[in-house]
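# Notes for the structure review
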Amino acid sequence: MPEGHTVHRLAAEHQRMFGGRRVGASSPQGRFAEGAARLDGRVLVDADAHGKHLLLGFDDDRTLHVHLGIYGKYVFGEGAAPAPVGAVRLRLVGGSGWADLRGPNACELLEPGDVKVLRDRLGPDPLRADGDPEVAWRRVGRSRTPVAVLLMDQSVVAGPGNIYRAEVLFRQGVDPRLPGRGLSRGRWQGIWDDLAVLMAAGVRAGRIDTVRPEHMPEAMGRPPRVDGHGGEVYVYRRAGLPCLVCGSVVATVELAGRNLFWCPGCQASEV
C-alpha cells in the first residue's frame, strides 16, 4: 500500500495539472459514473492529502476522496487522453493533460461534514503543517501496545506504512516491541521529527531512502539495494542480512499481521 509521501505527491500533481481549471470527469469502467457526472465541468479548487487519503476539493463544496489501498494506482499524461485501457474508475481531463485512477479502495464524493468526519478519525500527519505530535503522544504515551503497531495505526499517526515505521524506529534506536508508554516524551518527539524529515524527502524524490550519507553504497563500498519498494534502507526487507551499522543479523517477526524488521544490536530490547 502506498505510504503517505506518495499521496502527498499525488495531491501536488493534481494541483499542478488541474488546479483552478474546469475538468472533464468520466468513469470508463462505470463504477463511479454517477460521481463522475457530478464532477464533470467543475473547477478543482484545491488538492490535499491527509495521511494515505487524497482529498480533491471542487467548486460545489464537494470533495473527491480517494484511498488507493493495496491495488489503487494513478497514471498521469500530457496532451490528449488516449482510449481508456483496463478498468479505469475515474478519468479527469483538463488543462494540458489527464489522469486515470484504477483499482482504488475508495473513490467517493463527500459533503463538507463528511470530510470533517474523515479527518477527525485520522491521526496527525507529519507532512502537514497542522500535524501535531502532541495529539499522537496523548495516545502513544499511555498505551500498552507496541510502538511499531501504534505507528501503523492511522488513527494515531496518519501516513507511515511498514517501511517508514521500521526505518524510523531503527534510526531512533527504539525496540519496535516496546510499549508506547515505555517511550519518553523526548523519544517520541525524535521519532516524529525524523518521520517528518524522511517523509518530506520521499515527497521530493518519489521513493523512500532512509540511509544516512555515511551508510550509502558509495560510502561503504557495497552494491546498491535493488528492490521495487524503494531505495536505500537499514532494515526493511533485509531479514537475515548484516546490519549496515553494527553487523548484527537483521531480525523479522509478524506483528499485528504485518512483517516487522529490526536490528537486535542497534535497537536493544527494552521490553
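Residues numbered from 1 in each chain as written. Predicted model: local features only at pLDDT ≥ 70, side-chain atom pairs only at ≥ 80, totals over all residues. Heavy atoms only, no water.

## Some details on the packing of helix 6 (residues 162–171) against helix 7 (residues 185–205)
Packed helix pairs are characterised by how far apart their axes lie and by the angle those axes make with each other. Defined as follows: For every element, the axis is a line fit to its C-alpha atoms; helices are fit only across the contacting stretch, and the angle between N-to-C directions ranges from 0 to 180 degrees. Only runs of H or I of at least four residues qualify as helices and only runs of E of at least two qualify as strands under DSSP, and these elements are numbered from the N terminus. Working rule for angles: under 35 degrees goes down as roughly parallel, over 145 as roughly antiparallel, 65 to 115 as roughly perpendicular, anything else as oblique. Put simply, a crossing is left-handed when the front helix is turned counterclockwise from the back one by less than a right angle, and right-handed when it is turned clockwise. When checking whether two residues touch, look at their non-hydrogen atoms; a contact exists if any pair is within 4.5 Å. Classification used: nonpolar for Ala, Val, Leu, Ile, Met, Phe, Trp, Tyr, Cys and Pro, charged for Asp, Glu, Lys and Arg, polar for all others including Gly.
It is the contact of helix 6 with helix 7, at a shortest axis distance of 10 Å, that shows an interaxial angle of 130°. In terms of orientation, helix 6 and helix 7 fall into the oblique class. When the axes of helix 6 and helix 7 are compared, the crossing they make is right-handed. Two secondary-structure elements touch here, helix 6 through Y164, V168, L169 and R171 and helix 7 through I191, D194, L195, L198, M199 and G202. When its residues are assigned to classes, the contact of helix 6 with helix 7 shows seven nonpolar, one polar and two charged.

## Examining helix 4 (residues 133–140)
Selection criterion: Only protein chains enter the area calculation, which uses a 1.4 Å probe; residues under 20% of their type maximum are buried, those over 50% are exposed, and those in between are partly exposed. The directions considered for the arc are those from the helix axis to the C-beta atoms. In protein, a polar contact requires one atom able to donate a hydrogen and another able to accept it; more generally it is a pair of N or O atoms within 3.5 Å, and residues adjacent in sequence count only if both atoms are side-chain atoms.
All of the buried residues along helix 4 are P133, A136, W137 and V140. All buried residues of helix 4 project into a common sector of 105° when viewed along the axis, lining one side. Buried positions along helix 4 lie against helix 5 (147–150) and helix 7. Between a side-chain oxygen at the N-terminus of helix 4 and the backbone nitrogen of E134 the separation is 2.9 Å; the capping residue is D132.

## Remarks on the sheet that holds strand 7 (residues 97–102)
The condition is simple: Strands qualify as paired when DSSP identifies two bridges or more between them.
With respect to topology, four strands assemble into an open sheet ordered 1-6-7-5, the strand pairing being antiparallel. The open sheet terminates on both sides in strands that have one partner only, identified here as strand 1 (24–26) and strand 5 (73–78). Ignoring strand direction, the axes of neighbouring strands in this sheet form an average angle of 15°.

## A look at the UniProt feature "domain: FPG-type" (unreviewed entry) in the protein
Put simply, the rule is: UniProt positions are given in the numbering used here, feature names are shortened, and annotations may be inferred rather than shown by experiment.
Under the local residue numbering, the UniProt record ascribes the feature "domain: FPG-type" (unreviewed entry) to residues 234–268. Secondary structure content for residues 234–268 is 0% helix and 29% strand, while the C-alpha to C-alpha distance between its ends is 15 Å.

## Brief notes about the nonpolar core
Quick note on the threshold: For this analysis, a nonpolar core means a set of buried residues of the types Ala, Val, Leu, Ile, Met, Phe, Trp, Tyr and Cys, connected via side-chain atoms within 4.5 Å.
Grouped together as the largest cluster of nonpolar side chains are 38 residues, with contacts concentrated most on L151, L169, L183, W188, I191 and V235. Counting residues per element, the ones that place at least two in this core are helix 4, helix 5, helix 6, helix 7 and strand 10 (258–262). If we ignore the near neighbours within four places in the chain, the residues touching L151 are V157, P160, R165, V168, L169, W188, I191 and L195. Counting residues in hydrophobic clusters, the runner-up holds 25 residues, among them M17, F58, L92 and C107.

## Observations concerning the packing of helix 4 against helix 7
Relative to each other, helix 4 and helix 7 sit at 130°, their axes nearing to 11 Å. Relative to helix 7, helix 4 is oriented oblique. Handedness of the helix 4/helix 7 crossing: right-handed. Touching P133, E134, A136, W137 and V140 of helix 4 are R185, W188, Q189 and W192, all from helix 7. A class-by-class count of the residues in the contact of helix 4 with helix 7 yields six nonpolar, one polar and two charged.

## Topic: the domain arrangement of the protein
Condition: Boundary definitions for the domains trace back to an automatic or database domain assignment. We define buried area as the total accessible area lost by two parts upon association, computed with a 1.4 Å probe and summed across both.
In terms of domain boundaries, the protein breaks down into domain 1 (4–121) and domain 2 (133–262). Between domain 1 and domain 2, the C-alpha centre-to-centre distance is 30 Å. Taken together, the contact pairs eight residues of domain 1 with 15 residues of domain 2. Roughly 740 Å² is buried in total at the junction of domain 1 and domain 2, and carbon and sulfur atoms are behind 63% of that figure.

## Regarding the UniProt feature "domain: Formamidopyrimidine-DNA glycosylase catalytic" (unreviewed entry) in the protein
UniProt's entry tags residues 2–94 with the feature "domain: Formamidopyrimidine-DNA glycosylase catalytic" (unreviewed entry), counted in the numbering of this structure. Split by type, residues 2–94 is 24% helix and 37% strand. Its first and last C-alpha atoms lie 25 Å apart.

## A short note on the sheet that holds strand 3 (residues 53–58)
With antiparallel pairing, four strands are arranged side by side in an open sheet as 2-3-4-8. Strands at the two margins of the open sheet, each flanked by one partner only, are strand 2 (44–50) and strand 8 (106–110). Averaged over all pairs of adjacent strands, the angle between their axes in this sheet comes to 20°, without regard to strand direction. One ladder, built from five bridges, connects strand 3 with strand 4 (residues 63–67); its direction is antiparallel. Of the residues in strand 4, the one forming a bridge with G57 is T63. Together, strand 2 and strand 3 form the strand contacts of helix 1 (residues 4–18), whose direction differs from that of strand 2 by roughly 170°. Where helix 3 (residues 112–120) meets the sheet, it contacts strand 2, strand 3, strand 4 and strand 8, and its direction lies at approximately 130° from that of strand 8.

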